[in-house]
Amino acid sequence: MDPSLYNAWRFASLTLLPEWALVGLAGLLALALWWSFRGLKSEPKRARRLVLFSLRTLVALGIFALLLEPGLELRAETRVRARVALLFDTSKSMRLPATSGSPTSRIAELQRWLKSQLPAIQELATRFQVDVYGFDKELAPQDPQRLATLPDASALAQGPTTDIVSALQQAAQGGTGGRPLAGMLVVSDGTDHGDLEQGLSSSARKDLEKLPAPVFALPIGGEVQKDLAIDKLRVDDFAFVRSQVSVDVTLKARAMPSLDVPVVLRREGQVVAQKTVHLDGDGTAEVKLQFVPDRTGKFAFTVSVPVYEGEAVAENNQKSFALKIIRDRVRALLVVGRPSWDVRFLRQLLKKDPNVDLISFFILRTPGDDAHSTQDELSLIPFPTQEIFQEQLRTFDLVIFQNFNHRPYHMQMYLDGIASYVREGGAFAMIGGDQSFAAGDFADTPIESILPVQLPMHGVPPIDESPVSMKLTEAGRRHPITELLPGTAANEALWARLPKLPGLNVLGIPRSGARVLLSSNDDKPVLVVGEAGLGRSLALATDSSWMWSFLAAGQELGPRAYESFWHAAIRWLVRDPALTPMRLLAERQTFEPGENPVLEAQVRGNDYTPAAGAQLVVQLIPSEPGAQRQVMQGPTTGQDGSARIQLPPLAPGAYKVTATARKADGSTIAEAEEAFVVAPSSLELSDAAPRPDLLKQVAKATGGRVVSASDSIANLPWRDPERVEVGQRTTKPLWDTMSVLAVLCILVAIEWSLRRRWGYA
Amino acid sequence: MTKPKATLARRTFLGTGALSLLALAARKALAFGEAARLEFAILRHSGRFDVRPDALPRLAWEVSKRTSIETTPVVRAYSAVDPDLFKHPLLVLASDGEIPTPGDAEIAALRRYLSYGGFLLLDDSSATKGGAFERSVKAFLAAIIPGAQLTPVARTHVIYKSFYLLDGPSGRTNTMPDLLGIELGGRLAVAYSGNDLLGALARDSLGTWEFEVTPGGESQRERAIRLGVNLVMYTMCLDYKEDQVHIPFIMKRRRI
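Please read all numbers here as calculations on a predicted model, not as lab measurements.

Quick notes on the overall build of chain A
In terms of regular secondary structure, chain A is built from 16 helices and 34 strands. The buried share of chain A, taken over its 761 residues, is 41%. A separation threshold of at least 6 residues defines the contact pool for chain A, and within that pool the share at least 24 residues apart is 77%.

With respect to the overall build of chain B
Along chain B, the regular secondary structure elements total 7 helices and 7 strands. Across the 256 residues of chain B, 49% fall into the buried class. Here the analysis covers contacts within chain B between residues at least 6 apart in sequence; of these, 80% occur between residues at least 24 apart.

Digging into the interface of chain A and chain B
The interface of chain A with chain B comprises 42 residues on the first partner and 41 residues on the second. For the side of chain A that touches chain B, the secondary-structure elements that each account for two or more residues are helix H7 (341-352), strand E17 (356-362) and helix H13 (550-554) of chain A.

Description of the confidence of the model for chain B
Residues and elements named next belong to chain B. Summary statistics for chain B give a mean pLDDT of 85 and a share of 86% for residues scoring 70 or more. Here residues 1-31 is modelled with pLDDT under 50, and outside its nearest four sequence neighbours on either side it reaches 41 contacts, counting other chains as well. Reported for the predicted complex are a pTM of 0.64 and an ipTM of 0.88.

Quick notes on the sheet that holds strand E7 (residues 215-219) of chain A
Residue and element names in this part refer to chain A. The mixed open sheet is built from 5 strands, whose spatial order is E5-E4-E3-E6-E7. Both edges of this open sheet fall to strand E5 (139-141) and E7, since each of them pairs with a single strand only. Each strand axis lies, on average, 25 degrees off the axis of its neighbour in the sheet, ignoring direction. Sheet topology note: the strand E3 (residues 83-89)/strand E4 (residues 129-135) ladder contains 7 bridges and is parallel. Each residue of the ladder has a partner; that of Asp-89, found in E4, is Phe-135. Along the sheet, helix H3 (residues 106-127) makes contact with E3, E4 and strand E6 (181-188), crossing E4 at roughly 160 degrees. Packing against the sheet, helix H15 (residues 692-701) makes contact with E6 and E7, and its axis sits at approximately 170 degrees to E7.

Remarks on the environment of Glu-69 of chain A
Residue and element names in this part refer to chain A. As for its position among the elements, Glu-69 is in the loop between helix H2 (46-68) and strand E2 (70-80). Taking the C-alpha atoms as reference points, Glu-69 and Ala-12, separated by 57 residues in sequence, lie 8.5 Å from one another. If sequence neighbours within four positions are ignored, Glu-69 has contacts with Ser-13, Leu-14, Thr-15, Pro-733 and Trp-735.

Examining the pairing of strand E18 (residues 398-402) of chain A
All names here are of chain A. E18 sits mainly inside the fold: 5 of its 5 residues count as buried. Where strand E16 (residues 330-336) and E18 come together, 5 bridges link them in parallel fashion. Of the residues in E18, the one forming a bridge with Val-335 is Phe-401. The pairing of E18 with strand E19 (residues 427-431) spans 4 bridges and is classified as parallel.

What about the nonpolar core?
Within the largest apolar cluster, 154 residues are counted, with the highest numbers of intra-cluster contacts made by Ala-332, Leu-398 and Ile-400 of chain A. By residue number, the principal contributor to this core is helix H6 (residues 217-237) of chain B, which donates 10 residues. Aside from chain neighbours lying at most four places away, what touches Ala-332 of chain A is Leu-350, Val-356, Leu-358, Phe-396, Asp-397, Leu-398 and Ile-400 of chain A. Counting 57 residues, the second-largest nonpolar core is a separate cluster that includes Leu-251, Ala-253, Leu-584 and Phe-591 of chain A.

Here we look at H15 of chain A
One turn of an α-helix holds 3.6 residues; hence residues three or four places apart share an orientation. All names here are of chain A. Buried residues of H15: Pro-692, Leu-694, Leu-695, Val-698 and Ala-699, and no others. Buried residues along H15 cover an arc of 155 degrees about the axis, so they all sit on one side. Its buried side turned inward, H15 meets helix H5 (164-173), E6, helix H6 (202-209) and E7. Of the residues flanking the end of H15, it is Gly-703, one or two places downstream, whose phi is positive at about 90 degrees.

Side note on the environment of Thr-731 of chain A
Residue and element names in this part refer to chain A. With respect to the element layout, Thr-731 can be found in strand E34 (residues 723-733). As a C-alpha pair, Thr-731 and Trp-9 span 722 residues in sequence and 9.1 Å in three-dimensional space. Excluding residues within four positions of it along the chain, Thr-731 makes contact with Ala-12, Leu-14, Gly-71, Leu-72 and Glu-73.

What to know about helix H3 (residues 104-115) of chain B
Residue and element names in this part refer to chain B. Taking 1.5 Å per residue as the helical rise, H3 with its 12 residues ought to reach 16 Å, and the 16 Å between its terminal C-alpha atoms agrees with that figure. Turning to H3, the residues buried within the fold contact strand E4 (119-124), helix H4 (132-144), strand E6 (180-184) and strand E7 (187-193). Positioned one or two residues after H3, Gly-117 has a phi angle of 125 degrees, which is positive.

Topic: the sheet that holds strand E31 (residues 642-646) of chain A
Residue and element names in this part refer to chain A. Strands sit in the order E26-E28-E31 across an open sheet of 3 strands; the sheet is antiparallel. Looking at the sheet topology across the chains shown, the edges are occupied by strand E26 (582-586) and E31. Averaged over all neighbouring strand pairs, the angle between strand axes comes to 20 degrees, with direction disregarded. Bridge count for strand E28 (residues 598-603) against E31 is 5 bridges, and the pairing is antiparallel. In the strand pairing of E31, Leu-599 is matched with Ile-645.

Here's the deal with unusual backbone geometry
Residue Pro-215 of chain B is bonded to the preceding Thr-214 of chain B through a cis peptide linkage, with omega at 0 degrees. Take Pro-215 of chain B: it is sitting in the loop between helix H5 (197-201) and H6. The phi angle at His-410 of chain A is positive, at roughly 50 degrees, despite the residue not being glycine. Along the chain, His-410 of chain A falls in the loop between E18 and helix H9 (412-423). Of note in the backbone geometry, Leu-238 of chain B takes a positive phi value of approximately 55 degrees without being a glycine. Turning to its location among the elements, Leu-238 of chain B is positioned in the loop between H6 and helix H7 (247-255). On the neighbour-count criterion, Leu-238 of chain B (23 C-beta atoms within 10 Å) is buried.

Brief notes about the environment of Asp-282 of chain A
Residues and elements named next belong to chain A. Turning to its location among the elements, Asp-282 is positioned in the loop between strand E12 (270-280) and strand E13 (283-291). Look at Asp-282 and you get exposed, because 11 C-beta atoms sit within 10 Å. Distance in space between the C-alpha atoms of Asp-282 and Lys-252 is 7.5 Å, their sequence separation being 30 residues. Not counting residues up to four positions away in its chain, the partners in contact with Asp-282 are Ala-253, Arg-254 and Ala-255.

About the criteria used
- Residues numbered from 1 in each chain as written.
- Chains lettered and ligands numbered in written order.
- Predicted model: local features only at pLDDT ≥ 70, side-chain atom pairs only at ≥ 80, totals over all residues.
- Helix = DSSP H or I, 4+ residues; strand = E, 2+ residues; numbered from the N terminus.
- Buried ≥ 20, exposed ≤ 12 C-beta atoms within 10 Å, placed from the backbone.
- Contact = placed C-beta atoms within 7 Å.
- pLDDT = per-residue confidence, 0-100.
- Pairing = 2+ DSSP bridges.
- Axes fitted to C-alpha atoms, helices over the stretch in contact; angles between N-to-C directions.
- Core = buried A, V, L, I, M, F, W, Y, C linked by C-beta atoms within 7 Å.
- Arc of directions from axis to C-beta.
- Expected span 1.5 Å × (residues − 1).

Next up, the structure:
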C-alpha cells in the first residue's frame, strides 16, 4: 500500500456483524451495566460507587468498540467542477425590434451583449463547465463565439415557438459526467408560448421549483412594448347561408393608450361587419362581429384592427380564417299561375322535404274571376311582387315559375332583376303549362335570356297538344337529374314506362352549353338544363310531371320516379356539392408560411364521367385589398379526373383559389373555388411582445434573479457545490493491536482489585 | 226527403246558359293538357252512384267562374280498379242509400289511391244522420283504411279557409255540424259531408235549382257552393293557406 496514492482518510467500522447483532450486543452490555449499578447501591460511599461504575462502563465501551472493529479508511479523492448553463432564445420573436421603433432586433441585441460577455464566459469557464444552448421549443448546443460573431443575427432566430420551462428542464438534465448545476442564465424576450403562455401557473411554478439550481434571467427587449394584437378568433367550422354568423374576437393590448379601436371583418376584401371596442391601455377586450352570409361556398375572412404608431408588431393586427358557408335548407320560391294537379304534387313534395324551405305564391283568382263575395270573405292576399322579386329575391336559392304568366301582374320591371339574380349564382326553373314559356309571354324578355333554351319564334303555336312519349337523350343517360335508377339500361327502361305526357310547351333551340336531357320520341325538347352566368336554369316543357307520381302509382310503379327526379333537379339547380362536376379541396384549412399549399381537384365532364387530361388553370386571389392576382398553369388531370395542385409558398394571409378545367381545345369543362389561410400555427410572431415580468417571475421561482446587461456573468452568485469523487480507497484496522487488549485487561484488573480491597466478593 | 223546386228563376236560367258556354269556351282556352284541368270523377259501384248528375258540372262551373282553377264540366265515372282513376286525384262518392262493400281488388286500388295522394269526397245525398249511406260508408272506409275512423274536421282546418273564409260546413241541409274526415300522411285524404252538399248544387234539366235548401235558403246554398270551392281548392293547394305569409291577413279578416 503506497500512502502517496491517498489524499484523504476517515474513521470507519470494519465489523462484519450485522446491525441487528450490534444492537443486541449493545443492549446486553447496557443491561449488564444496569445490574452492576444496582449491585453498587448498597455501597455507602459515593466515591467508591462512582469509581467502580466508571470502570465497568469503560470496560463495556471497550468491549463494544472491539465489536465495532474500528479502522481507518484511506481515500484517493478528486473534486468535479460544477456546470453553468447559458440559454439564448433563438425563436422567431427575437427577430422583432428590441424596443418600440428600434432598428435593432432582439437577436442583434442578444448578440451584442454576448460579444461583450465573451471574456466573462472565458473567466467563468475556469471555474465551471459552461454549457451554451440556443432554445426555442427545443434545446440545441451552441458555440458562444460563433453566436457572437455571426454576421446575420436574424438567421439565428428561426425557432417556431418558445417554451422556457421545457428548455430549462432540458438544460438541467443535460451536461456530461453528472456535474452538479451551479445555475442557469436565460437570455430571452420572454415571449413564451409554451407552459408560460398564460403566465406563471402553479404547475409551471412547481416545475421551476424542482430545478436543482437558480435561474438568472436577462430580459431582451427591455421594457414592456406598446402593442395591440388580435389575440384570439372564435368561429364555427362552418355556417349556414342566411343565418347569422358570430365571430368572437379577443383583442390584447399592452402599453397602449386608452382608445376606441375599430374592428373590421372582411370577406375577401369586402367589409361584412364592423364594431368599435374601447381598450384601456393594458388588458384584453372581446368583441362579437356578426353578419349574415348571402351565398354558399368557402370564403376567406380577415379580421383587422388599425396599426397604431410605435407598435412592436404590426403583423398581429390582423388574423384570417376560412369559413365554409353551407345551406341549412334550400329556400325555394314557387310562383304558380293557377292551381293544378301539377302544382299540388310539387308543393306536397317540396313541403315534405326537410331540406327545403318553401315559400309559395299561387294565383288563386284572376281579375276575370268573380268570387261572389267581398274581399273580407276571402282568404286571398295581394301578390307581393315587389317584396318577393325585389326585396327578398336574393334570399332564395331557387325560383320556380310554374305555369305562370308575368303580364297580368306588371312584372316587367322585375324580370331584369330575376335574370341578374340567376346570372350571379341563383337558380331558376320554369315548368310548363298553358301560361308558361312562350304562352306566358316570356319570349324576348330577360327571363328568356336565362332559360337554357330559346323560345319559339312569333307565329309558332306555343303549345303542342299531341300526347308525348319521352326518351332519355345521350346527355340524359348520364345526368344526375335524370338518373332515377342506377344503371343505364334500368334507368332508360323506367323512363320508358312512365306515363305519357298529354302535351308539351313548344321550345326553341337549346342554348350553347345547355343539355337536353329528355325529349319526345320525335326529338322535341322536354327537359333542358344549362348554366346562366354563375347560376343554373331548368326548363320542363310540361305541366304533367305529377303523372310520374300519382298516375305511375296507379300503374304500380310508385311515386319514386317523380320524387327522385325533383329532388335531383333541385339539388342540381342549387349546386349541391354532391352534384357539382368539379371539386377543389385544400389539403388543410391553414398552411404555414413557407409551406407549399396543396389542393386536390376532382373534375367530371358535363356527362358526369371523370374528365381525364383536363388542363387546370389556377387563379390565386389574395384577400388583401389591392393585392395582385396570380394566374398559373396547373397540372393535368389523370385518368380518374383528379389532380394535385401545389402552390408556391405564400405570405401570411387569406387566399381564394379558382381552378378552371379546360379541354385541349381551350373550352371550359368546369370551374371550382376554394379558400384557405396561410398563418403560423404558433403565436410566436402574432403575440410577440417582450415579457420581462414573466422572466422575473421565473427567476424568482428558482431562487435566482433578473440580471442587467451590464452585469458580468462571471460575477453572478452561482452556486459552487463541488462534487467529491473517490477514485481509490483502502482500510486499516485500529483495534487489532495488543495495546487495545492490554488497556482492556488493565481496566478489568483495576476494577477487580478495588472490589477485593473494598470487601466485595 | 228532398223536395224539387218548381220555379225557374231568371238568375238560374242565366247561370245555366253560362255553364253551357263554359263547355265551349273551355276547349279553346285550355287547349294544353286535359290533365291540367279539374275534371271530376265519381266512383262507380253497384249501388246508386250518380244521384246528383248535374251537381258536379255545376260545381266545376262555379270553381272556374270564381277562381283561377280551370275546370271541365265533364264528370267521369270509374270503377275502383280502373287504372284511369289515377288521372283524377279528386274522387267523389255520393249516394242516398247503402253502398256495397268493396271487393279485395277494389280495396287495394282505393287504398293505393288514397295513400299516394288521392282525395275522396263522400256526400250523403239522403242527409240522414246514422242512415244507410253513413253506416255503409263507415264499413267501406274501415275496409280501405283499417283502423282509421271518420272524425270531425276542426273548424280551424285549412279546408275552411282555402279560398273562402267559412265558419263550418253547409249543404242542402244542416244535418251535421261538422265535416268528418280521415288524415293520411298529414293531409286530409277523406272528407265526409252529411248534409247533401251536392244536393245544394244540383240543377235540373231546365237549369233551376233542383232542391230547396233548408233551413237557410239561398244564403245556405251560397255557403254550400263556397264549401265546394274550398274543397276543390284544398285538393289542389293543400295547406297553402297555412303558410306564414297568409296568417296575418286571415286572422285580421276573421276578426272583422
